[in-house]
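Commentary on secondary and tertiary structure
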Amino acid sequence: MTTTSFAVISTAEIAKAKVIPALLSVPTATLVGVSSRDKKRAQAFVDEHCSKEEEDNNADDDGGTIKKHSPCTTVMGMNHDELLSSPNIDAVYVPLPSKVRSDFISKALQNNKHVYSEKPHGGTVRELKSLLDLAAERNLQWMDGTMWYHSNRTKVMEEKLFFHGDGDCCSSMIMGKVKRVSASFTWGGGGLVDQNWIEGGNGRTDPNRELMGMLGDSGHYPISAVAWAFGWKLPTRVRATYTKFNSLGAIIECEAVMLFEDGGRAVIDTSCLISHRSQFEVVCEKGVLRVDDLVGGQGRSGKFSAYEGPFVGSSSFVMGDYLGKDEVVEVEPCDHVQKLVAEFSKSVQTIKQGGKANPEWSKRSLITHTVMCAIFESAMRDGVDVDLNSDDVCGTTKYVIEGEIFNDIPTRMWG
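One structure accompanies this document, and this report is about it. (Residues numbered from 1 in each chain as written. Predicted model: local features only at pLDDT ≥ 70, side-chain atom pairs only at ≥ 80, totals over all residues. Heavy atoms only, no water.)

1. Description of the pairing of strand E6 (residues 91–94)
To be explicit about the condition: Burial here depends on accessible area, computed with a 1.4 Å probe over protein chains only, as a share of the maximum for the residue type. Under 20% is buried, over 50% is exposed, and the range in between is partly exposed. For helices the rule is a DSSP run of H or I covering at least 4 residues; for strands it is a run of E covering at least 2, with both sets numbered from the N terminus onward. Note on pairing: two strands pair once DSSP finds at least 2 bridges between them. The crossover handedness rule: strands pointing away from the viewer, path from first strand over the helix to second strand clockwise, crossover right-handed.
The alternating pattern of E6 places Ala-91 and Tyr-93 on one face and Val-92 and Val-94 on the opposite face, and all of these are buried. Bridge count between E6 and strand E7 (residues 114–117): four bridges; the pairing is parallel. Following the sheet pairing, Val-94 is matched in E7 by Ser-117. Crossover E6 to E7 through helix H4 (residues 98–110) is right-handed.

2. Description of the sheet that holds strand E5 (residues 76–79)
The condition that has to hold: Axes, fitted as lines to C-alpha atoms, cover a helix only where it is in contact. Angles between the N-to-C directions of the axes lie from 0 to 180 degrees. Between two residues, a contact is recorded if the distance between any of their heavy atoms is within 4.5 Å.
With parallel pairing, the six strands of this open sheet are ordered in space as E5-E2-E1-E6-E7-E8. Both edges of this open sheet fall to E5 and strand E8 (142–144), since each of them pairs with a single strand only. Across the sheet, the mean angle from the axis of one strand to that of its neighbour is 25°, orientation sign disregarded. As judged from the three bridges shared by strand E1 (residues 4–9) and E6, these two strands associate in the parallel manner. By the bridge assignment, Ala-7 is partnered in E6 with Val-92. The sheet strands contacting H4 are E1, E6, E7 and E8, and the helix crosses E7 at an angle near 160°.

3. A closer look at the environment of Ser-224
Rules: Between N or O atoms, a polar contact is any pair within 3.5 Å; within protein, one atom must be a potential hydrogen donor and the other a potential acceptor, and residues adjacent in sequence are included only when both atoms are from side chains.
Its place among the elements puts Ser-224 in helix H9 (residues 220–229). The residues contacting Ser-224, other than those within four sequence positions of it, are Thr-146, Trp-148, Tyr-149, Trp-232 and Thr-368. A polar side-chain atom of Ser-224 sits 2.7 Å from the main-chain carbonyl oxygen of Tyr-221.

4. Quick word on the sheet that holds strand E18 (residues 396–401)
Pairing is mixed in the open sheet, where 11 strands are placed in the order E16-E15-E14-E13-E9-E12-E11-E10-E17-E18-E19. Only two strands of the sheet have a single partner each, and these edge strands are strand E16 (326–330) and strand E19 (404–406). Within this sheet the neighbouring strands show an average axis-to-axis angle of 20°, counted without direction. As paired elements, strand E17 (residues 386–391) and E18 share six bridges and run antiparallel to each other. Pairing of Asn-389 across the sheet is with Lys-398, part of E18.

5. Notes on helix H11 (residues 360–380)
For an α-helix, the turn length of 3.6 residues means that residues three or four places apart are oriented alike. Note the threshold: In this analysis, the expected span of each helix is defined as 1.5 Å times one less than the number of residues it contains.
Here H11 is 21 residues long and its end C-alpha atoms lie 30 Å apart, about the 30 Å a rise of 1.5 Å per residue gives. The buried fraction of H11 is high, at 19 of 21 residues. Remark: Asp-382 follows H11 within two positions and exhibits a positive phi of approximately 65°.

6. Some details on the packing of helix H1 (residues 13–25) against helix H10 (residues 336–352)
The following threshold applies: Throughout this description, any angle smaller than 35 degrees is read as roughly parallel, any larger than 145 degrees as roughly antiparallel, any in the 65 to 115 degree range as roughly perpendicular, and the remainder as oblique. Crossings are sorted by hand: turned counterclockwise from the far helix by less than a right angle, the near helix makes the crossing left-handed, and turned clockwise it makes it right-handed. The residue classification treats Ala, Val, Leu, Ile, Met, Phe, Trp, Tyr, Cys and Pro as nonpolar and Asp, Glu, Lys and Arg as charged. All others, Gly included, are polar.
The N-to-C vectors of H1 and H10 enclose an angle of 55°; their axes lie 9 Å apart at closest approach. Judged on the interaxial angle alone, H10 and H1 are oblique. Helix-helix and strand crossings are classified by hand; for H1 and H10 the assignment is right-handed. Along the contact surface, H1 presents Lys-18, Val-19, Ala-22, Leu-23 and Ser-25, while H10 presents Val-337, Gln-338 and Val-341. Of the residues contributing to the contact of H1 with H10, the split by class is five nonpolar, two polar and one charged.

7. Details of H10
Compared with an ideal rise of 1.5 Å per residue, which puts 17 residues at 24 Å, H10 spans 25 Å between its outermost C-alpha atoms and is within 8% of the ideal. Within H10, burial applies to His-336, Val-337, Leu-340, Val-341, Phe-344, Ser-345, Ser-347, Val-348, Gln-349 and Ile-351. Looking at the packing, one finds that the buried side of H10 touches E1, H1, strand E2 (29–36), E6, E7 and E8. Between the side-chain oxygen at the start of H10 and the backbone nitrogen of Val-337 there is a gap of 2.9 Å, and the oxygen is on Asp-335.

8. Remarks on empty space enclosed by the protein
Note the threshold: A cavity, in this analysis, means grid points on a 1 Å lattice covering only the protein atoms where a 1.4 Å probe fits yet has no way out; a pocket is instead an open set bounded by protein on both sides within 12 Å along at least five of seven lines, and a residue lines either one if it has an atom within 4 Å of a point. Grid points are joined across faces, edges and corners, and a volume is the space filled by probe spheres set on the points.
Enumeration over the complete set of coordinates arrives at two cavities of 30 Å³ or more. In this structure, the largest cavity encloses a volume near 40 Å³. Mapped by element, the contributors of at least two residues to the lining of the largest cavity are H4 and helix H5 (125–137). Top element by residues in the lining of the largest cavity is H4. It accounts for three residues. Residues that form the lining of the largest cavity fall into these classes: four nonpolar, four polar and one charged.

Laid out in structure tokens, this is it:
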């Protein structure tokens, strides 16, 4: 079997907890390296976290299977330059903080590496677009780490929202036209995080590491759900209706509205101060579609550990008719990250065989980042309207803020 060779740039927590286990378990992926500024640190990380779990033939005292970890001899600790210049690496996973990630991605693309980038994205809309354009020019696959796109459940929901029975893509033939979407990702309340965490003790609440704070880190998910439901069309107007900052100026709570053509509208919220909610509702002409475990896939079980390691879930969603009669639709559960890695590897293999990179994932990244930047701009300007005027022919967007036209956002590096 031909596999895609991956390396991980950074020893970030999400790499250790979620992505490396997927890279070690998906048959079409091979993890070959992890890099850090300090090569010894990278090798120590590999030795601790990149071993494969295997079953022992012997049973434990309770009759269960004994798990053992075999030492890793194929994954190497490297410095960043060694990783980027290695001819034995097809693709890189980049979970660096968003403020520094774009520079590494640019170097990776210039070294002809396919890119699996963590989100949220860094820089302005045009800066991200320049990276996506470079990937397209070099026929390199781009994909961001929005894991829920790849679940079995999402594929089934897409059939309900966007496809006619004969497979042709239409405007919500089964559910009718999408009219309204609400989406949320909130967590941290009840003492889950402490005051030090809220006041910059975590990357999400430190604007020097994540410029857009919780809007960037956790707001990405409800924004992506709205964009997905509206078929990857940009809104015509966004407004941050409520924003709360910590003492460092990082966004720790944000709510926003979006208006779309033909009367479509959406509301999103994110927070690290209130109870856990990971949900969306899509209201269509002929019914509604609801999910209450968007990010982790653990249902309303209270299993926060779903965010902290490999997890098989996302096994159902609710589909209601126009009268309010609900049906729980069961789907095959899966591990989101494994599905993402498999999809990415498949695209890389297509390119190796003479095919083209799949542009769908670049489009999704650009649209979610554009909407996020518009909400951020509104939030930093005390909730003003940000109008988005898109030119589909040229592929550009202009932003109208208090009567002034801008070609890019954020209009400055706030903070």
